[in-house]
Amino acid sequence: MDIEALRRDTPGTAHRIHLNNAGAGLLSRQTLKAVTSHLELEATIGGYEAADQERDRIDATYGHLARLVGGTADEIALFDNSTHAWNAAFYAMTFKPGDRILTGRAEYGSGVLAYLQTARRTGAEIVVVPDDESGRLDTTALANLIDDRTRLVGLTHVPTSGGLVNPAAEVGRITRAAGVPFLLDATQSVGQFPVDVAEIGCDMLTATGRKFLRGPRGTGFLWVRTEALAFLEPHVIEIAAATWDGRRGFTWNDGARRFGTWEAGYAGVLGLSTAVRQALDLGMDEIGRRTLALGARLREQLDAVPGITTYDLGRQRCAIVTCKVDTMATADTAAALAAHGINVSTTDPAQTQFDTEARGVHPLLRLSPHYYNTEAEIDRAVEVLADLAAAHRPRPQNGAPERV
Ligand SMILES: *Cc1c(COP(=O)(O)O)cnc(C)c1O
């Protein structure tokens, strides 16, 4: 990977140290161009006419996304974000009183709310599978909890709130053996390291465009295994999802397109398409090696600074690093980093409810490098945080000698 060349093609790297790729990755020039050229084309020749002219490139997006996650083009539906893709899959299932949904502590805020609504509406029961001693989902506990009441296992691969990588493929082996549908929220993992639906064995997978995939905001997708269509009925219907039979009936369109919408922001779709092709060209193995290495470097260095604590769970960890300057409010630390031109974000207790219940550590500072970040940028962020920790060190009490 030629990091300097990749940075020259990433305008944002010139202005800031961007360690907020779990929030939104920086667009490459090529992706930016794909978006703006299409908007210009729409303004010049008309929106429908521009879509007609670019139809082949728009349609190719499904194939690129399929290659990225290991599925086929007809198993992909496009959305405006990951949440809507996840909702499309989740609300296509039906639950009755006594049915169980098994999930983990890493589950994302909107998914948790959907479970709570469904429990309230249908009488289904939500069971949060405990973590093992490392803090990842305990697969032995999951295997013991799965029974004939279990209608769904919902797992977040990498949480919004930390560097944990959940053992998705082990969960897949368990759900396949039990014949239970498996919905994987891969929003933070797709684009960060290789994610393969065949290897994982999930039935539905959702992701967003703007995070580690470096696509434009307002893009996302659902992958759904063809066989899973047998137990899914889209919760909403529209002219792009089904075909009128000429009388008073309709048939669902083939494959995952039955989840799609007629209208789409094609500038965003073409931007997403470009970003995905770039990830495929660079190679997800290569990208994964570098993001994980930068995350490990950052975490190890922070762990060595007195007055800073890191909070990432699990055995396998990724490029998301959560920490706290022990003596500072997280929002103040984030603001101080921003003043040094360093982009980070903070975790929100309400967006990771089960983790908040279990650990009560949020809000934390969240730093998330990508492959285009340099080692020097990581070191600079650590240096600024170490200075903040030193400046906010509690004063020694009762004239006790200060430790240095
Ligand atoms: C950001 C995030 C989502 C939501 O993605 P949107 O594209 O904002 O809808 C879902 N799950 C996880 C783990 C996330 O980090």
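What you see is a predicted model; the values in this text were computed from it and never measured.

1. A short note on the sheet that holds strand β4 (residues 125-129)
- Read across the sheet, 7 strands follow the order β2-β8-β7-β6-β5-β3-β4 without closing on themselves; strand pairing throughout is mixed. Each having just a single partner strand, β2 (76-79) and β4 make up the two edges of the open sheet. Adjacent strand axes in the sheet meet at a mean angle of 20°, parallel and antiparallel pairs treated alike.
- Here strand β6 (residues 182-185) runs beside strand β7 (residues 204-208); their pairing, made up of 3 bridges, is parallel. The partner of L183 across the bridge, within β7, is M204.
- Helix α6 (residues 109-122) rests against β3 (100-104), β4 and β5 (150-156) of the sheet, and its axis sits at about 160° to β3.
- Packing of helix α8 (residues 168-178) onto the sheet brings it into contact with β5 and β6, and relative to β6 it is tilted by some 165°.

2. So, the site of the ligand
- For the ligand, the set of nearby residues contains 13 residues, the closest of which are T83, D185, Q188, T208 and K211.
- Here an oxygen atom of the ligand sits 3.0 Å away from a polar atom, N or O, in the main chain of S82.
- Within the complex, the protein chains bury 93% of what would otherwise be the 380 Å² of accessible surface of the ligand.
- When the residues that make up the shell around the ligand are grouped by side-chain class, the tally is 2 nonpolar, 8 polar and 3 charged.

3. Observations concerning the sheet that holds strand β11 (residues 308-310)
- With respect to topology, 4 strands assemble into an open sheet ordered β11-β12-β15-β14, the strand pairing being antiparallel. Edge positions in the open sheet fall to β11 and β14 (345-346), since each of these has one partner strand only.
- Summarising the sheet, β14 and strand β15 (residues 365-367) pair through 2 bridges and their orientation is antiparallel. Pairing of T346 across the sheet is with L365, part of β15.
- On the sheet, helix α11 (residues 284-303) packs against β11, β12 (321-325) and β15 and is oriented at approximately 20° with respect to β12.
- Packed onto the sheet, helix α12 (residues 330-339) meets β12, β14 and β15 and runs at close to 40° relative to β15.

4. Some thoughts on the packing of helix α4 (residues 55-69) against helix α10 (residues 266-282)
- Running from N to C, α4 and α10 point in directions that differ by 45°, and their axes come no closer than 9 Å. Viewed along their axes, α4 and α10 adopt a mutual orientation that is oblique. Between α4 and α10 lies a crossing of left-handed hand. Between α4, through R55, R57, I58, T61, H64, L65, R67 and L68, and α10, the contact on the second element is made entirely by Y266, V269, L270, L272, S273, V276, R277 and L280.

5. Some details on a nonpolar patch on the surface
- Among the surface-exposed residues, Y48, I239 and W262 lie close enough to one another that they form a single nonpolar patch of about 410 Å² accessible area.
- Here Y48 is to be found in helix α3 (residues 47-53).
- Judged by its relative accessible area of 59%, Y48 is exposed.

About the criteria used
- Residues numbered from 1 in each chain as written.
- Predicted model: local features only at pLDDT ≥ 70, side-chain atom pairs only at ≥ 80, totals over all residues.
- Heavy atoms only, no water.
- Pairing = 2+ DSSP bridges.
- Helix = DSSP H or I, 4+ residues; strand = E, 2+ residues; numbered from the N terminus.
- Axes fitted to C-alpha atoms, helices over the stretch in contact; angles between N-to-C directions.
- Contact = heavy atoms within 4.5 Å.
- Near = heavy atom within 4 Å.
- Polar contact = N/O pair within 3.5 Å; in protein donor to acceptor, adjacent residues only side chain to side chain.
- Areas by Shrake-Rupley, 256 points an atom, 1.4 Å probe, with all protein chains shown as cover.
- Nonpolar A, V, L, I, M, F, W, Y, C, P; charged D, E, K, R; others polar.
- Parallel < 35°, antiparallel > 145°, perpendicular 65-115°, else oblique.
- Left-handed = near helix turned anticlockwise from the far one by under 90°.
- Patch = residues over 30% accessible without salt bridge, like charges linked within 9 Å, V, L, I, M, F, W, Y side chains within 5 Å.
- Salt bridge = Lys/Arg side-chain N within 4 Å of Asp/Glu carboxyl O.
- Buried < 20%, exposed > 50% of the residue type's maximum accessible area, 1.4 Å probe, protein only.

Any functional reading would require information that these geometric values do not contain.
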